[in-house]
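# Results of the structural survey
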Amino acid sequence: MATPATPLLKDELDIVIPTIRNLDFLEMWRPYFQPYHLIIVQDGDPTKVIKVPEGFDYELYNRNDINRILGPKASCISFKDSACRCFGYMVSKKKYIYTIDDDCFVAKDPCGKDINALEQHVKNLLSPSTPFFFNTLYDPYREGADFVRGYPFSLREGVPTAVSHGLWLNIPDYDAPTQLVKPTERNTRYVDAVLTIPKGTLFPMCGMNLAFNRDLIGPAMYFGLMGDGQPIGRYDDMWAGWCTKVICDHLGLGVKTGLPYIYHSKASNPFVNLKKEYKGIFWQEEIIPFFQAATLSKGCTSVQQCYIELSKQVKDKLGKVDPYFDKLADAMVTWIEAWDELNPSTAPVPKGAPK
């Protein structure tokens, strides 16, 4: 039997999984995930014992651990919401992160072959993005593709890829009103494409099949204040995506979407979702124009500096929409302070300080 090839980025990537249940779903992912280190963020009751299949290398954090590690700054980590996953991003020491939900399974391509989602994410992250000029053959760095006629040669080097946003077969990532109107709709379309999202274009980021370069964009991957005690839910990943995209555009980094697909097995309750999303559905009509118009000063050269400046704009402009955004803006600052405490080597050096 041939010796299997060493998995890509085996020692440079952590897999972050938020959960409230036993992680039996890992059995299906064993061929792909077992070589990697897992960070499991347990939501809900910290006294509940979460069972992890044997043979996986993992560390598990519950709410008590989060409170112990962050102290008062733990207030920035959501409770009773999958937004708690971003704590895993903060405590990781690896260059790359892949995060997946526990109701996501291995999908099959149109030929019936199992899709190694993690491998495709790594390929996306390790190849450049092209945010400044759209290539009509999509990702020019994929095998069998290239830049089309008329594509500026000065832009063909591309820029570093910060985010790889994957998609889902079966249960699509719909909001509650769409779920209610189309309760039986399933996504069966497999589109064999990876696209760079153009500069200046926002997108609704979904956190259930997502990878990113933690060194390039980690501090911006804050999933906000959601769930218990908050007036909104199910906007955690999208909030992170909007913040991240504005910062990537400012810093000249790329965001890709498309492959890989996972199989999303379970539709969440649309009535529960509507209760969580209700205010967000109205607020997003203010939030989206805010992010579309957001600009960052030239002096912001690190992700942390960008994020702090963005938090001030959130407080100034979205604070008028609802007091929740004042609270969220403060939490954004707390998040960066906590990130820098746990990751001192990534904190920007103050001007005039010795390097």
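Residues numbered from 1 in each chain as written. Predicted model: local features only at pLDDT ≥ 70, side-chain atom pairs only at ≥ 80, totals over all residues. Heavy atoms only, no water.

- Looking at an unreviewed UniProt entry, the protein chain carries the name UDP-arabinopyranose mutase, with the source organism given as Nepenthes gracilis.
- On record in UniProt, under Subcellular location (unreviewed entry), the comment for the protein chain is "Golgi apparatus".
- Comment text from UniProt for the protein chain, heading Catalytic activity (unreviewed entry), reads "UDP-beta-L-arabinofuranose = UDP-beta-L-arabinopyranose". (UniProt positions renumbered as here; feature names shortened; annotations may be inferred.)

## Examining the pairing of strand E6 (residues 161-170)
- A large share of E6 lies buried, amounting to ten of its ten residues.
- Two elements, E6 and strand E9 (residues 254-264), share nine bridges in a ladder whose sense is parallel. By the bridge assignment, Asn170 is partnered in E9 with His264.
- Both E6 and strand E8 (residues 209-213) contribute to a ladder of three bridges, which runs antiparallel. If you follow His165 over to E8, its bridge partner there is Leu210. (Buried < 20%, exposed > 50% of the residue type's maximum accessible area, 1.4 Å probe, protein only. Helix = DSSP H or I, 4+ residues; strand = E, 2+ residues; numbered from the N terminus. Pairing = 2+ DSSP bridges.)

## A few points about the side chain of Asp109
- Structurally, the position occupied by Asp109 is in the loop between strand E5 (104-105) and helix H4 (117-126).
- Within the structure, Asp109 has its side chain in polar contact with the backbone nitrogen of Cys111 (distance 2.8 Å).
- Every residue in contact with Asp109, bar those within four places of it in the chain, is listed here: Ile115 and Tyr190. (Polar contact = N/O pair within 3.5 Å; in protein donor to acceptor, adjacent residues only side chain to side chain. Contact = heavy atoms within 4.5 Å.)

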